[in-house]
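As a plain string of letters, each chain reads:
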Amino acid sequence: DQQVKQNSPSLSVQEGRISILNCDYTNSMFDYFLWYKKYPAEGPTFLISISSIKDKNEDGRFTVFLNKSAKHLSLHIVPSQPGDSAVYFCAASLRGGAQKLVFGQGTRLTINP
Amino acid sequence: GAGVSQSPSNKVTEKGKDVELRCDPISGHTALYWYRQRLGQGLEFLIYFQGNSAPDKSGLPSDRFSAERTGESVSTLTIQRTQQEDSAVYLCASSLGPVAGELFFGEGSRLTVL
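Here is a short report on the structure shown in this document.

About the thresholds
- Residues numbered from 1 in each chain as written.
- Chains lettered and ligands numbered in written order.
- Predicted model: local features only at pLDDT ≥ 70, side-chain atom pairs only at ≥ 80, totals over all residues.
- Heavy atoms only, no water.
- Contact = heavy atoms within 4.5 Å.
- Buried area = accessible area lost by both parts, 1.4 Å probe.
- Salt bridge = Lys/Arg side-chain N within 4 Å of Asp/Glu carboxyl O.
- Polar contact = N/O pair within 3.5 Å; in protein donor to acceptor, adjacent residues only side chain to side chain.
- Helix = DSSP H or I, 4+ residues; strand = E, 2+ residues; numbered from the N terminus.
- Nonpolar A, V, L, I, M, F, W, Y, C, P; charged D, E, K, R; others polar.
- Buried < 20%, exposed > 50% of the residue type's maximum accessible area, 1.4 Å probe, protein only.

1. Some words on the interface of chain A and chain B
Step number 1: Opposite the 18 residues of chain A that make contact, chain B presents 20 residues.
Step number 2: Interface area, chain A with chain B, both sides summed: about 1,500 Å², of which 63% is carbon and sulfur.
Step number 3: Linking chain A with chain B are 0 salt bridges.
Step number 4: Scanning the region where chain A abuts chain B turns up 2 residue pairs in polar contact (both at pLDDT 80 or more).
Step number 5: If you list the elements that add at least two residues to the side of chain A that touches chain B, you get β4 (32-38) and β9 (86-93) of chain A.
Step number 6: At 4 residues, β4(A) tops the list of elements feeding residues into the side of chain A that touches chain B.
Step number 7: When its residues are assigned to classes, the side of chain A that touches chain B shows 9 nonpolar, 5 polar and 4 charged.

Now the structure itself:
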């Protein structure tokens, strides 16, 4: 039962262009969503989050969009830089209930010079 | 250091042996999580500790897996009678409080069961 799904295992984008990573979830009770970035041989690091009361959150080059009716969120990176090459995980949780984060399978982003 | 520390970083063991993985969370973080990542897969929740509350063990895959945490400090994840399918990177994370938010992950312990 995969409650959080990232259907694209990989994505390749040219440097300077926009990267869009997508994530779908099935549990309508999720009310907090996060994106993590992972480099090889390192633990994931927090990137950006969004509460279900918002539909957009922006932090520098990174913007997360949430479409609750579609149970879909996306991460936009613009402009993309070579250092953005990593695996990106989306995660979801229930603030008021269980606290564990449920992660997607990850999308490997490669930024080409 | 200031981050989450895990040991060992790499462990190779024979099928049937027991292994113990250790996690030192960030000082002051009351919540501690264990996840595992099999090759090419996402992060799979195993167990969650919050203060002195009973841990959420709902993600432990079998009774061969157990974890302990002493107060708000070190945690150990024990896998008994290891199987080849236990091969994975085991990631520990901690966070400030009970509300899930930003987790700080360690670098993981890579377990290989031959």
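2. Section: the side chain of B:D86
Residue and element names in this part refer to chain B.
Step number 1: Tracing the backbone shows D86 in the loop between β7 (75-79) and β8 (88-95).
Step number 2: Taking the relative accessible area as the measure of exposure, D86 reaches 1% and is therefore buried.
Step number 3: Polar contacts involving the side chain of D86 include one to the side chain of R64, which spans 2.8 Å.
Step number 4: Setting aside its immediate chain neighbours within four residues, D86 contacts R36, R64, F65, I79, L111 and V113.

3. With respect to the pattern of salt bridges
Proximity of charged atoms lets side chains of opposite charge pair with each other.
Residues and elements named next belong to chain B.
Step number 1: A full pass over the atoms with the stated rule returns 4 salt bridges over all chains.
Step number 2: Of the charged contacts, one joins R22 and D24 as a salt bridge, the two residues approaching to 3.1 Å between their closest N and O atoms.
Step number 3: Note that D86 and R64 form a salt bridge whose closest N and O atoms lie 2.8 Å from each other. With D86 in the loop between β7 and β8 and R64 in the loop between β5 (43-50) and β6 (65-69), this pair connects stretches of sequence that are 22 residues apart. Per residue, the accessibility class of D86 equals that of R64, and both read buried.

By themselves, these observations are geometric and do not establish any function.
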